[in-house]
Amino acid sequence: MSDTGGRWALAATEGGGARLVALGPGGAPRGPVVTAPDLVTAVRDRPHVERWVWRSTPEIHPRLLDAGVRVERCHDIEAAEQLLLGHEGRLGEPRSAGAALARLRGGPVPPDPPPRSAEPGAQSSLFDPVPVPLPLESLVEVYGEQQRRLDATEHPGRMRLLVAAESAGMLVAGEMGRAGLPWRADVHRRVLAELLGERYAGGGEPRRLAELADEISAAFGRRVRPELPAEVIKAFARDGVRLRSTRRWELEEIDHPAVAPLLEYKRLYRIWVAHGWSWLQDWVRDGRFRPSYLPGGTVSGRWTTQGGGALQIPRVIRRAVVADDGWRLVVADVAQMEPRVLAAISRDPGLMEVAGHDGDLYALLSDRAFSGDREQAKLALLGAIYGQTSGDGLRNLAALRRRFPAAVAHVDEAARAGEEGRLVRTWLGRTSPRAVGRDEGDEAGLPQEAPEPAPGSGGSDGFTPGHSSADARARGRFTRNFVVQGSAADWALLLLAALRQALSGIRAELVFFQHDEVIVHCPAEEAETVARAIGRAAGIAGEAAFGRTPVRFPLTTAVVECYADAK
DNA sequence: AGTCCTCACCGG
DNA sequence: AACTCCGGTGAGGACT
């Protein structure tokens, strides 16, 4: 092996420099500490390093991206700390490298800095308050301890994979935020004009919304502001219609001339406030929408974004997502991801057989257990995953349980764990938080294994094990869903990591990721290569995550110029 | 004036 | 047919 290969630890120093050292097995230094005046050069000069160990990807990675330096892999100490704390049932304790060091040495543990507020166009975290610089020696110490803690987890191999995948996700997030989603502001403006009409100079509602508001007022015979639910409910009450809320499905039930314009108003109002002209102004620059992605932003491991609503782009607005001239968008999403994941994690033979085909999973499922009724089969399975408490899904659960006992038992056991106050884990080991809203307070000293009463705030009196309080049942639905949704997130993370590897060396760029869907922007001539690479990455992810199972993760892939044409 | 909560929507 | 899981976003309004 080359002298520069293997793992290296790197710590940033004041003024753009770095100190770094090669690591041996177990994470101990196996060479002299190098002091480099320039961090970027130090990394660029060591292309054979297999994994960089650093405090936090947002601290280091943006500088490398600025200089066009790509790294193969990293170990993000703070991301790893978060996962390890979770596995240890200590989610909510400070996750910074400094906090990890303090716990290790027994000093006072500094609280984490408050999360950054959404800032349109903010590139990475350059403006974050950077905590005290952590010396290389401290970093290596924390890393070594993390290795020991990884060895102590329930499934060390899986947990190591999770930490590696989360770290890869941090790299992908940085690169994707940098690349940006191709966005045609002119197309977006045209769509807005078609839907909403002109804007008035005063900055108030656009024409179409004003017209609808007038129609609504006319239907009530008095001035009603449709964006205020309380006012709408009162107006209906005067006309003898009682409403609990102004939610769409509730309005759809009633017969009143104001309903039709009101529903249209709500649809358009939503687009105006969430993805209208001011959004465009704030978030689109130089033909790109650049959200800031946060891997593991939710407890289940799904990503979130900070600002910009990148994970809720309405379908009509997708018309503005257009590839550059001569380029294409390769849009791929997994078909029926959650039932396939349930098959893989429960190892239910019948469900694995059904999930072992690329075709419509629900159709196959209905052939096997529901005498051909696809909708019933789908509702039953989703009901089992979501913990449905009523309706058709529940009725058909019995049939599901007969045919796929291990699958149903798997989610039932997760629900029972939640109800009893126990923790549950995804397949790779991401762990549920102990209880709702326990992110501060004086919980220290509570026994690990004892169910924990909810902290005093919030009007909830917690739950009592063995009694099925509403809180306990809600907790059960959460943990039931967590094992499936979270394991799906495990898989998706591995897909991203594999795809990132596959795209290195060509011009294609990952530009979007949303739970079960990726978009790659590439020259037209690379589109077929990219489409095949995504399919291969899905297979690699399935086997890496869940081992050898018959379960397949087929992708629906489209090569398009406009995102809106993908479905 | 700033903070927190609720509502309602979007999307998976 | 009912509205169960997860989260982000903005506006309004109650509160300090």
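Cut-offs used in this document
Residues numbered from 1 in each chain as written. Chains lettered and ligands numbered in written order. Predicted model: local features only at pLDDT ≥ 70, side-chain atom pairs only at ≥ 80, totals over all residues. Heavy atoms only, no water. pLDDT = per-residue confidence, 0-100. Helix = DSSP H or I, 4+ residues; strand = E, 2+ residues; numbered from the N terminus. Contact = heavy atoms within 4.5 Å. Buried < 20%, exposed > 50% of the residue type's maximum accessible area, 1.4 Å probe, protein only. Salt bridge = Lys/Arg side-chain N within 4 Å of Asp/Glu carboxyl O. Core = buried A, V, L, I, M, F, W, Y, C linked by side-chain atoms within 4.5 Å. Domains from an automatic or database assignment. Buried area = accessible area lost by both parts, 1.4 Å probe. Polar contact = N/O pair within 3.5 Å; in protein donor to acceptor, adjacent residues only side chain to side chain. Nonpolar A, V, L, I, M, F, W, Y, C, P; charged D, E, K, R; others polar. 1 Å grid on protein atoms, 1.4 Å probe; cavity = no way out; pocket = protein on both sides within 12 Å on 5 of 7 lines; lining within 4 Å. Points joined across faces, edges and corners; volume = space filled by probe spheres on them.

## Focus on the confidence of the model for chain A
- On average, residues of chain A score 85 in pLDDT, and 88% of them are at 70 or above.
- Here helix α17 (residues 392–403) stands out as the least confident element of chain A, with mean pLDDT 75; strand β4 (residues 51–54) is the most confident, with 98.
- Counted against residues more than four places away or in other chains, residues 121–129, with its pLDDT under 50, gives 11 contacts.
- Counted against residues more than four places away or in other chains, residues 436–467, with its pLDDT under 50, gives 33 contacts.

## Notes on the side chain of histidine 275
- Within the fold, histidine 275 resides in helix α11 (residues 259–275).
- Residue class for histidine 275 comes out buried when judged on its relative accessible area of 4%.
- When neighbours within four sequence positions are excluded, histidine 275 is seen to be in contact with His188, Leu192, Arg270, Gly308, Gly309, Gln312, Ile313, Pro314 and Ile317.

## Remarks on the pattern of salt bridges
- Applying the stated criterion across every chain yields a total of 33 salt bridges.
- Measuring nitrogen to oxygen at the nearest pair gives 3.0 Å for the salt bridge that ties glutamate 137 to arginine 19. Of this pair, glutamate 137 sits in helix α5 (residues 136–151) while arginine 19 sits in strand β2 (residues 18–23), and the two are 118 residues apart along the sequence.
- For glutamate 137, a relative accessible area of 42% gives the class partly exposed.
- Taking the relative accessible area as the measure of exposure, arginine 19 reaches 23% and is therefore partly exposed.
- Note that arginine 149 is salt-bridged to glutamate 88, the shortest N-O span being 2.9 Å. Within this pair, whereas arginine 149 is found in helix α5, its partner glutamate 88 is found in the loop between α3 (77–87) and α4 (97–105), the two being separated by 61 residues in sequence.

## A closer look at the nonpolar core
- Trp183, Phe236, Trp491 and Val520 are the most contacted members of the largest nonpolar core, which totals 131 residues.
- If you tally residues by element for this core, the top one is helix α19 (residues 470–503), at 13 residues.
- If we ignore the near neighbours within four places in the chain, the residues touching phenylalanine 236 are Phe220, Val241, Leu243, Leu251, Ile254, His256, Ala258, Val259 and Leu262.
- If you look at the next biggest cluster of nonpolar residues, it comprises 20 residues, including Leu10, Ala12, Ile60 and Val71.

## Remarks on the domain arrangement of chain A
- Once the domains are mapped, chain A shows domain 1 (7–152), domain 2 (186–281), domain 3 (289–336 + 490–566) and domain 4 (347–437 + 451–483).
- When each unit is reduced to the centre of its C-alpha atoms, the spacing between domain 1 and domain 3 is 27 Å.
- Counting from both sides, the interface comprises 8 residues of domain 1 and, opposite them, 8 residues of domain 3.
- Between domain 1 and domain 3 the total buried area reaches about 720 Å² when both faces are included, carbon and sulfur atoms providing 33% of it.
- At the surface where domain 1 touches domain 3, the tally comes to 0 salt bridges.
- Across the domain 1-domain 3 interface, the total number found is 2 residue pairs in polar contact (both at pLDDT 80 or more).
- Among the residues making up the side of domain 1 that touches domain 3, the classes are represented as 3 nonpolar, 1 polar and 4 charged.

## As for empty space enclosed by the protein
- Inspection of the entire model under this criterion finds 2 cavities of 30 Å³ or more.
- Considering the residues around the largest cavity, the lining is formed by Gly301, Arg302, Trp303, Met337, Gln485, Ala488, Ala489, Ala492, Leu493, Phe513 and His515.
- Per-element tally for the lining of the largest cavity: the top contributor is α19, with 5 residues.
- Split by residue class, the lining of the largest cavity holds 7 nonpolar, 3 polar and 1 charged.
- A volume near 40 Å³ is recorded for the second largest cavity.
- Together, Leu342, Leu351, Leu381, Ala384, Leu400, Phe404, Ala407, Val408 and Val411 line the second largest cavity.
- When residues of the lining of the second largest cavity are traced back to their parent elements, those giving at least two are α16 (374–386) and α18 (405–419).
- Among the elements that line the lining of the second largest cavity, the one with the most residues is α18, at 3 residues.
- Partitioned by chemical class, the residues of the lining of the second largest cavity number 9 nonpolar, no polar and no charged.

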